[in-house]
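Report on the structure
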Amino acid sequence: GIQVEQSPPDLILQEGANSTLRCNFSDSVNNLQWFHQNPWGQLINLFYIPSGTKQNGRLSATTVATERYSLLYISSSQTTDSGVYFCAALTGGGNKLTFGTGTQLKVEL
Amino acid sequence: DVKVTQSSRYLVKRTGEKVFLECVQDMDHENMFWYRQDPGLGLRLIYFSYDVKMKEKGDIPEGYSVSREKKERFSLILESASTNQTSMYLCASSFWGEGRGYTFGSGTRLTVV
């Protein structure tokens, strides 16, 4: 099956800093999503982005499907951005997402 | 507000017990999923279902079974709990096709002692 790799595994930022999280996937995808898991464990979908660029407030994401990677940008980070960020991919005609191992982000004052 | 509800937030069970984890969604989604989350391993798919009474194995089905008798409800069953099944269990649901509308429950942290 498809392999999904994320980097870096851990990241510590000062509030106000910018960051880029990377997701590499081993096969062509029909669907690429980014999720944020807050410190209480709830996973929230951030972007559905099989290709191109999308922005939502301080967050944006870009997927370059031909080169099999996606990037999540966080600008002017806030302590509420802390948590784990997952990317997940779906291939072929299936319905199940395969998740990466996540990037643990901590934003400090 | 649409949502996926898991019956328990925390659960402690003894080795050898039969354990039921329940998940209910109110979005009329066709697909439902059970994942487990362990540090450093991300989310790994245990089982999923794309229709009532239908199920398919995910990546780590050993030691688990599932039941989907109604569209909105998907149950994960640990036939004989073991300590290596101590984990966070996450239920999700989505529309049929391309994973749209993927929505997660808040998780059940299961400890087997």
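Report follows, based on the coordinates.

Of regular secondary structure, chain A possesses zero helices and eleven strands. Counting from the amino terminus, helix and strand elements in chain A follow one another as β-β-β-β-β-β-β-β-β-β-β. On C-alpha atoms alone, chain A measures out to a radius of gyration of 13 Å, which is about the 13 Å that the 2.2 N^0.38 rule sets for 109 residues. The dimensions of chain A, computed from C-alpha atoms along their principal axes, are 45 × 25 × 20 Å.

A few words now on the overall build of chain B. From N to C terminus, chain B includes zero helices and eleven strands. If you list the helices and strands of chain B from N to C, you get β-β-β-β-β-β-β-β-β-β-β. For 113 residues, the compact-globule estimate of 2.2 N^0.38 gives 13 Å, and chain B sits close to it at 13 Å. For the C-alpha atoms alone, the extent of chain B along its principal axes is close to 35 × 25 × 25 Å.

Attention now goes to the packing of aromatic side chains. What the rule picks out here adds up to twelve aromatic pairs over all chains. Here the aromatic rings of F99 of chain A and Y35 of chain B are separated by 5.3 Å at their centres, their planes lie at 80 degrees, and the arrangement is edge-to-face. Pair noted here: F99 of chain A is in strand 10 (residues 98-99) and Y35 of chain B is in strand 4 (residues 31-38), and the two residues belong to different chains. Residue classification places F99 of chain A among the buried residues on the basis of a relative accessible area of 7%. A ring pair is formed by F33 of chain B and F48 of chain B, whose centres lie 6.0 Å apart and whose planes are at 25 degrees; its orientation type is stacked. In this pair, F33 of chain B is assigned in strand 4 and F48 of chain B in strand 5 (residues 42-49), connecting sequence segments 15 residues apart.

What follows deals with the environment of F25 of chain A. Residue and element names in this part refer to chain A. With respect to the secondary-structure elements, F25 resides in strand 3 (residues 19-25). Taking the C-alpha atoms as reference, F25 lies 21 Å from L11; in sequence the two are 14 residues apart. Non-local contacts of F25, meaning those with residues more than four positions away in its chain, are made with I2, Q3, L32, T63, R68, Y69 and S70.

Glancing now at the pairing of strand 8 (residues 69-74) of chain A. Residue and element names in this part refer to chain A. In terms of burial, strand 8 is largely enclosed, as five of its six residues are buried. Bridge count between strand 3 and strand 8: six bridges; the pairing is antiparallel. Residue pairing across strands places R22 opposite L71, the latter belonging to strand 8. In terms of strand pairing, strand 7 (residues 59-64) meets strand 8 through six bridges, oriented antiparallel. Along strand 8, the bridge assignment pairs A61 with L72. Here strand 7 folds back onto strand 8, and the loop between the two strands holds four residues, one of which, R68, carries a positive phi near 60 degrees.

What counts and how
- Residues numbered from 1 in each chain as written.
- Chains lettered and ligands numbered in written order.
- Predicted model: local features only at pLDDT ≥ 70, side-chain atom pairs only at ≥ 80, totals over all residues.
- Heavy atoms only, no water.
- Helix = DSSP H or I, 4+ residues; strand = E, 2+ residues; numbered from the N terminus.
- Rg over C-alpha atoms; globule rule 2.2 N^0.38 Å.
- Phe/Tyr/Trp six-rings, centres within 6.5 Å; stacked < 30°, edge-to-face > 60°.
- Buried < 20%, exposed > 50% of the residue type's maximum accessible area, 1.4 Å probe, protein only.
- Contact = heavy atoms within 4.5 Å.
- Pairing = 2+ DSSP bridges.

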